[in-house]
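Here are the chains, one letter per residue:
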Amino acid sequence: MTDSILLPVVSLRVIAPAAVLAVTGFVLMLLDLLPPRQRREHMAFVGLAGVAAALVATVLLWGSEESGFQGMVVLDNFTLFLTLVIGYATGLVLLLSIDYLQRLGMETGEFYILVLFAATGMVVMAGANDLIVVFLGLETMSLALYVLAGIFRTRIEAGEASMKYFLLGAFASGFFLYGIALIYGATGSTNFNKIGAAVAAGAARDPLLLIGFGLLLVGFGFKISAVPFHMWTADVYEGAPTSVTAFIATGSKAAAFAALVRVLLVALRPLQGEWAWLFWGLAVLSMTLGNVVAIAQQNLKRMLAYSSIAHVGYMLVGIVAGGSFGNGGVLFYLLVYTFTTAGAFGVILLLERGGEEAVRIGDTAGLAARHPLAALALSVFLLSLVGIPPTAGFVGKFYLFGAAIRSGYIWLAVIGVLNSAVAAYYYLRVIVSMYMREPEGTPTVLAPSFAGALALVVALWGVIQLGIMPAPIFDLAQSAVLPLLR
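Counting starts from 1 at the beginning of each chain's written sequence and moves along it residue by residue. Where local features are concerned, this predicted model is filtered to residues with pLDDT of at least 70; where side-chain atom pairs are given and counted, the filter is 80 or more; whole-chain, interface and lining totals use all residues. Only hydrogens and water are set aside; all other atoms, that is, all heavy atoms of the structure, feed into the side-chain values.

Draft legend 1. Examining the environment of Tyr 337 more closely. Here Tyr 337 shows up in helix H13 (residues 323–350). Classification of Tyr 337 as buried rests on a relative accessible area of 3%. Sequence separation between Tyr 337 and Ile 132 is 205 residues; the distance between their C-alpha atoms is 28 Å. Whether two residues touch is decided by their heavy atoms; if any such pair falls within 4.5 Å, the residues are in contact. If near-sequence neighbours (up to four positions away) are discounted, Tyr 337 is found in contact with Ala 249, Thr 250, Lys 253, Ser 308, His 311, Ala 342 and Leu 385. Working definition: helices are DSSP H or I runs of at least four residues, strands are E runs of at least two. Numbering for both runs from the N terminus. Remark: exposure states derive from per-residue accessible area (1.4 Å probe, protein chains only) relative to the maximum for the residue type, with buried under 20%, exposed over 50%, and partly exposed in between.

Draft legend 2. Representation of the packing of helix H3 (residues 77–103) against helix H19 (residues 471–485) within the structure. To obtain each axis, a line is fitted to C-alpha atoms, and for helices this fit is confined to the stretch in contact; angles are then taken between N-to-C directions over 0 to 180 degrees. Viewed as axis vectors pointing N to C, H3 and H19 meet at an angle of 135°, and their least axial separation amounts to 7 Å. Comparing the axis directions of H3 and H19 gives the class oblique. Contact residues: H3 offers Asn 77, Phe 78 and Phe 81, while H19 offers Ile 473, Leu 476, Ala 477, Ala 480, Val 481 and Leu 484. Under this grouping Gly is polar, as are all residues other than the nonpolar Ala, Val, Leu, Ile, Met, Phe, Trp, Tyr, Cys and Pro and the charged Asp, Glu, Lys and Arg. Along the lines of polarity and charge, the residues of the contact of H3 with H19 split into eight nonpolar, one polar and no charged. Small angles under 35 degrees read as roughly parallel and large ones over 145 as roughly antiparallel, with 65 to 115 read as roughly perpendicular and the rest as oblique.

Draft legend 3. Fine view of the packing of aromatic side chains. Ring pairs shown here join Phe, Tyr and Trp side chains whose ring centres sit within 6.5 Å, with only the six-membered ring taken for Trp; geometry is labelled stacked below 30 degrees between planes, edge-to-face above 60, and tilted in between. Taken as a whole, this structure holds 26 aromatic pairs when the rule is applied. Between Trp 277 and Tyr 409, the aromatic rings sit 5.6 Å apart at their centres with planes inclined by 70°, giving edge-to-face as the arrangement. Taken together, the positions of Trp 277 in helix H11 (residues 272–295) and Tyr 409 in the loop between helix H16 (392–406) and helix H17 (410–436) put the pair 132 residues apart, joining distant regions of the chain. With a relative accessible area of 54%, Trp 277 lands in the exposed category. Overall, Tyr 409 belongs to the buried group, its relative accessible area being 15%. Ring centres of Phe 332 and Phe 474 lie 6.0 Å apart, and the angle between their planes is 85°; this geometry places the pair in the edge-to-face category. On the criterion of sequence distance, the pair formed by Phe 332 in helix H13 and Phe 474 in helix H19 is long-range, its members being 142 residues apart. By the burial criterion, Phe 332 is buried, and Phe 474 matches it. What links up through ring pairs into an aromatic cluster is the set Tyr 146, Tyr 165, Phe 166, Phe 222, Trp 232, Tyr 237 and Phe 345.

Draft legend 4. Inspection of the pattern of salt bridges at higher detail. We define a salt bridge as a contact between a side-chain nitrogen of Lys or Arg and a carboxyl oxygen of Asp or Glu at a distance within 4 Å. A full pass over the atoms with the stated rule returns ten salt bridges. Note that Arg 103 and Glu 352 form a salt bridge whose closest N and O atoms lie 2.8 Å from each other. Taken together, the residues span a long stretch of sequence, with Arg 103 in helix H3 and Glu 352 in strand S3 (residues 351–353) at a distance of 249 residues. Assessed through its relative accessible area of 19%, Glu 352 is described here as buried. The partner of Arg 353 in a salt bridge is Asp 363, with the nearest N and O atoms 2.5 Å apart. In this pair, Arg 353 sits in strand S3 while Asp 363 sits in the loop between strand S4 (356–357) and helix H14 (367–370), placing the two residues ten residues apart along the sequence. Among the ionic contacts, a cluster of salt bridges with common partners joins Glu 160, Lys 164, Asp 235, Glu 238 and Arg 302.

Written as structure tokens, this is what we have:
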């Protein structure tokens, strides 16, 4: 008599949003084989339907608290909140890409497929409770983004961006994987809960764990582009297609922060007193270097690249502050940053000068006189990045710096406020150019795009809504981190 084979229970419910996105990606692969071969916008609409279905599944699952795959994946409000952020980022990028790719003659089916698979990897990272799953999600996301960064094959700068992103990303993945091996050697597990139990039992004194954590930090630092792991950011942002840049700036950062926060709060919470000061330094370096270097930029995409490094510093302030207020503030700021940054890049990708993308600050001169609505929209997004009320950016920074003050990190909050004042210079410079300067030579025009305009309306709604009525979403963000703080 042979023993029966026990198959592990597979709960698809815990990966429902990621599964919906992955299935949509496979459907797009089939559609890519079918005519019409010249136009691919129908694939974008199918992709949007998949993203909408994933968002609906996320809302329906709100309040769930369960795990699957031997505890390697968890479904809780933290996962679901980050899935909403990633879903919004993916939807906005798809909308922005439809007419943008057609206008530049670069529309391919692969673009939409890769966006869906990158989003799948991001959602997997958000729900990961095991370092192996984090790595799987990280690589799924990263491989798709490496290709997307260079998908404009005829552009030299796109190839350069893709190659730099790939090479530096591969190094970071190597550090991350080596860190996983050392942490496994120190604790005997890659599961966050078991690592946390081992650390609490005394494994924190093991040098292997400290070195492993340091290597993990290199991997996470690269993905969120925190100083000193930020060197790839400006070149990749400048060379990649603008809608892909928006995706890298929003979705990939949300996924990396999701995994980082869960690692810190579940696996390494007993060491919070030690790593808080490490992130204090990273926050100050990221805020200061990002804002100072952004001042010297004349290219809008490079300026927003360095600006994104500064915003990573602001979000690290929330991680240092800790608790439900600080970490909830990070989640809230990720949502705010997604709407704001996707909107800013959305306006930029609609600008055209002499048949080329208008990405220099000088290209915006006189834009308010010719296209007042576009200038107004870009102004709102830039003011939100500065942190001017009543935009969402002001509320987001208020929560982050308020959390730092409540936790006793007064000087960190002061440095954050001073950096925001510095940032105002280069953001307001663009607004001055749009409203107070005359264009030289061929004026910049706005490319017509219904899908792009719809994306901007959604982004504007997010920035205004979260600025005027932030409490309900902030309460959700705070409740989302509570399972990680028990």
